[in-house]
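Here are the chains, one letter per residue:
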Amino acid sequence: MTDIALAVIGGTGVYALGELTGVESHQPVTPYGVPSGPVRVGTYAGKRVAFLARHGEGHALPPHRINYRANLAALKALGASRVLALNTVGGITERFGPRVLACPDQLIDYTWGRISTLCEEPGSDVVHVDFGEPYAPGLRQRIIKAAQRAGVALEAGGCYGATQGPRLETRAEIARMRRDGCDLVGMTGMPEAGLARELGLDYACLAIVANWAAGAGPAVDDVITLDEVLANVATATCDVARLLQALLAD
Ligand code: HPA
């Protein structure tokens, strides 16, 4: 198995890596079941890169139905040791307005009822992984430096709050998250980050801010629409591609 330089997990609005060439598709079956869809492995900026659409290529899976364990185990089985998670999020604090790219350094988990560990099955080893730094510091630094080299504006830091979804949050929930210290809100950051740590994968998040979270923007009673979310993600995609090129050229 040839090593994979980077595995990319695409979120809402990112269902393929356009620049991936010589693509082979894999449908691994893992001890945890099947991933969200085919893993596309190909060449990107001269490196071997794997891509998986977290919600499936047709966005068929809501956040609480994603088999996060199978997704990460599939990427690992294909030879990945580094995972860049693209997460579409809402912005809560001032620095994180629509179309901002961010590389958060902390997270708070508000999800519930998701299988959040590899120690779920009876008889599996119980592990208590360190999670004080939920994202791999080395990979984060490489992402931040790649953004600088590529001239891509990136907010380096911030706290990602992972909510259950699939509904969006109330204004009171976002106000509480702000008090808790969250800068960003999304529905898929956990249990993915924790499972990646259990699997020994280096994992970092590149968050694409698609909208102001409920009540967080200048017009407090704005309604968040999928059109707005997708349009802002599409606008940010060019910068994501430039950042990825620089990261892989490293
Ligand atoms: N809340 C939660 N998840 C999201 C949002 C949001 O406002 N925008 C994009 N994903």
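These figures come from a predicted structure and were not determined experimentally. (Residues numbered from 1 in each chain as written. Predicted model: local features only at pLDDT ≥ 70, side-chain atom pairs only at ≥ 80, totals over all residues. Heavy atoms only, no water.)

Draft legend 1. Seen up close, the side chain of Thr88. Residue position: Thr88 is located in strand E5 (residues 82-91). At 2.7 Å, the side chain of Thr88 forms a polar contact with the backbone oxygen of Thr12. Not counting chain neighbours up to four residues away, the residues in contact with Thr88 comprise Gly11, Thr12, Gly186, Ile208, Ala210, Val229 and Val233. (Helix = DSSP H or I, 4+ residues; strand = E, 2+ residues; numbered from the N terminus. Polar contact = N/O pair within 3.5 Å; in protein donor to acceptor, adjacent residues only side chain to side chain. Contact = heavy atoms within 4.5 Å.)

Draft legend 2. Representation of the site of the ligand. Every residue lining the ligand is accounted for by Thr88, Val89, Gly90, Leu168, Glu169, Val185, Gly186, Met187 and Asn211. Contact between the ligand and Gly90: a nitrogen atom at 3.4 Å from a main-chain N or O atom of the residue. Contact between the ligand and Asn211: a nitrogen atom at 2.7 Å from a side-chain N or O atom of the residue. Look at the ligand: alone it shows 260 Å² of surface, and the protein chains cover 93% of it. Listing elements by their share of the shell around the ligand, those giving two or more residues are E5 and strand E10 (184-186). Among the elements that make up the shell around the ligand, the one with the highest residue count is E5 (three residues). Partitioning the shell around the ligand into residue classes produces four nonpolar, four polar and one charged. (Near = heavy atom within 4 Å. Areas by Shrake-Rupley, 256 points an atom, 1.4 Å probe, with all protein chains shown as cover. Nonpolar A, V, L, I, M, F, W, Y, C, P; charged D, E, K, R; others polar.)

The values are spatial; any link to function lies outside them.
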